[in-house]
Amino acid sequence: MTYVVTVAMALPKGAPELDVLQREGVIFLLRKGFDSLEAIEGPDGMEIALMDDVIAAHPGGVLLKLFVDAPALEFAEGAAREVAAELLERTEPLADWQITRCAVELNSELLQESLDAADGPDAPPDDPAERARRHAAVAPVTPGGPDRAEAEAMRATLRALAPSLKSFSLDAFGHSSAPEERTVGREAAEVAAGAVVYAIDLLIDELFTDLAALEEEGPTVADSDTAFMILDDLPSQFADEYTVLFVRRLVVTAVFLTGRLTQPQFGQVNCVAEELLLGLLLTQAEVTADMYGLLTEEIAIALETFADGVRENAALDHLDVLPSQSGDWFTPFDGERSVHPYAANDEEETLQGLPD
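The structure reproduced in this document is the subject of the present report. Predicted model, so just to flag it, every value in this text is computed and none were measured.

## Describing the overall build of the protein chain
Working step 1: Per the secondary structure count, the protein chain includes 11 helices and five strands.
Working step 2: Burial statistics for the protein chain: of 356 residues in total, 46% are counted as buried.
Working step 3: In the protein chain, once contacts between residues fewer than 6 apart in sequence are set aside, the share between residues at least 24 apart is 70%.
Working step 4: Only carbon and sulfur atoms are counted for the fraction: they give 50% of the accessible area of the protein chain, which is about 17800 Å².

Set out below in structure tokens:
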């Protein structure tokens, strides 16, 4: 069975955040390391195949998605952790980095399939509680999440980023200027606002990563076996319309949208593409807070309050009001709104140049 293992790698404590060029360098080093791997050795010499990988760098480190073919969940997680640790160890510039998370995220049906697939004396027990206890007992010493110092450092980072969201005050996150109307405290609102700002880099970087992959493996997402970080989260019924040109328009729209968040006036969500991208951005913000152990109920409420206020039509999450084709996603909702000129132009020759 193929499992998707999420591995988070963090900078050494006290190290400065990565700039754009450094992030590209880290991706290059890890890509070089993964390309040299043929298989991963699991317990008792078992060969576990690494089917695919997705690498995304952000200011604080790297997030990996490893697609691992293994007989059971535990083997997939263990093998992924081992190969990630080995890559860090043998890549000198990354030798001091830490693995802060390594886990398979499965729904209950896939979890049961994992249980059924495991065979032999080392198979995990059927009882989920005993399974969890045994897995925790044999887990590596490397922590599965950030320690208190890392969490507090990220909390401080996010609070410091909050003022960069110039288009919205803390009121938009539920910290009303009127005490009787407040639903969250100042700190929760600041962490939520900072998480939105922090997620901007992640969203744009992942879109660029997807664009590069599609340029190599395309011509469309439907024709590619690559695991995409953002494009795989878009409505799958349009996968044959997700071309390189479409993704370029999507990248420009994302830049146009997120740029307005840091300007005094955000205005409105202009089109379906912006609406979908905003939803992905807010999901990324929530994941960021959760990854560092900061997603308290209060911060979740703050993010939800912001989403309810800024999104044009949350029903788009359910895909029941999407235009009939993806090209229409860049059409303004009405005559009072506009999209970036590049995104508005759907003529292939104009945007990509005439053939020689």
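## Section: the nonpolar core
Working step 1: Ranked by internal contacts, the top residues of the largest apolar core, which has 70 residues, are Phe173, Val196, Leu250 and Trp329.
Working step 2: Taken together, the elements giving at least two residues each to this core come down to helix 5 (148–161), helix 6 (186–217), helix 7 (244–261), helix 8 (272–291) and helix 9 (297–310).
Working step 3: At 18 residues, the largest contribution of residues to this core is made by helix 6.

## Side note on the packing of aromatic side chains
Working step 1: Summed over all chains, the structure comprises eight aromatic pairs.
Working step 2: Pairing tyrosine 242 with tryptophan 329 gives two aromatic rings, centres 6.0 Å apart and planes at 55°, and the pair type is tilted. Taken together, the residues span a long stretch of sequence, with tyrosine 242 in the loop between helix 6 and helix 7 and tryptophan 329 in the loop between helix 9 and helix 10 (341–344) at a distance of 87 residues.
Working step 3: Of the residues examined, tryptophan 329 reaches a relative accessible area of 0% and is grouped as buried.
Working step 4: Arranged with centres 5.7 Å apart and planes meeting at 70°, the rings of phenylalanine 246 and phenylalanine 330 form a pair that is edge-to-face.

## Examining the pattern of salt bridges
Working step 1: Applying the stated criterion across every chain yields a total of 11 salt bridges.
Working step 2: Between aspartate 205 and arginine 23 there is a salt bridge, with the nearest N and O atoms lying 2.8 Å from each other. In this pair, aspartate 205 is assigned in helix 6 and arginine 23 in helix 1 (residues 20–35), connecting sequence segments 182 residues apart. The same class applies to aspartate 205 as to arginine 23, namely buried.
Working step 3: Salt-bridge contacts for arginine 260 lead to glutamate 274; the nearest nitrogen and oxygen are separated by 2.9 Å. With arginine 260 in helix 7 and glutamate 274 in helix 8, the pair connects residues that are 14 residues apart, well separated along the chain. The pair arginine 260 / glutamate 274 is uniform in exposure class, with both members buried.

## Some details on the packing of helix 6 against helix 8
Packed helix pairs are specified by the crossing angle of their axes together with the interaxial distance, meaning the distance between the axes.
Working step 1: As a packed pair, helix 6 and helix 8 sit with axes 8 Å apart at the nearest point and diverge in direction by 115°. The handedness of the crossing between helix 6 and helix 8 is right-handed. Residue-level contacts link Ala195, Val196, Tyr198, Ala199, Ile200, Leu202, Leu203, Glu206 and Leu207 of helix 6 to Leu277, Leu280, Leu281, Leu282, Gln284, Ala285 and Thr288 of helix 8.
Working step 2: Of the residues belonging to the contact of helix 6 with helix 8, the class tally is 13 nonpolar, two polar and one charged.

Cut-offs and rules
Residues numbered from 1 in each chain as written. Predicted model: local features only at pLDDT ≥ 70, side-chain atom pairs only at ≥ 80, totals over all residues. Heavy atoms only, no water. Helix = DSSP H or I, 4+ residues; strand = E, 2+ residues; numbered from the N terminus. Buried < 20%, exposed > 50% of the residue type's maximum accessible area, 1.4 Å probe, protein only. Contact = heavy atoms within 4.5 Å. Areas by Shrake-Rupley, 256 points an atom, 1.4 Å probe, with all protein chains shown as cover. Core = buried A, V, L, I, M, F, W, Y, C linked by side-chain atoms within 4.5 Å. Phe/Tyr/Trp six-rings, centres within 6.5 Å; stacked < 30°, edge-to-face > 60°. Salt bridge = Lys/Arg side-chain N within 4 Å of Asp/Glu carboxyl O. Axes fitted to C-alpha atoms, helices over the stretch in contact; angles between N-to-C directions. Left-handed = near helix turned anticlockwise from the far one by under 90°. Nonpolar A, V, L, I, M, F, W, Y, C, P; charged D, E, K, R; others polar.

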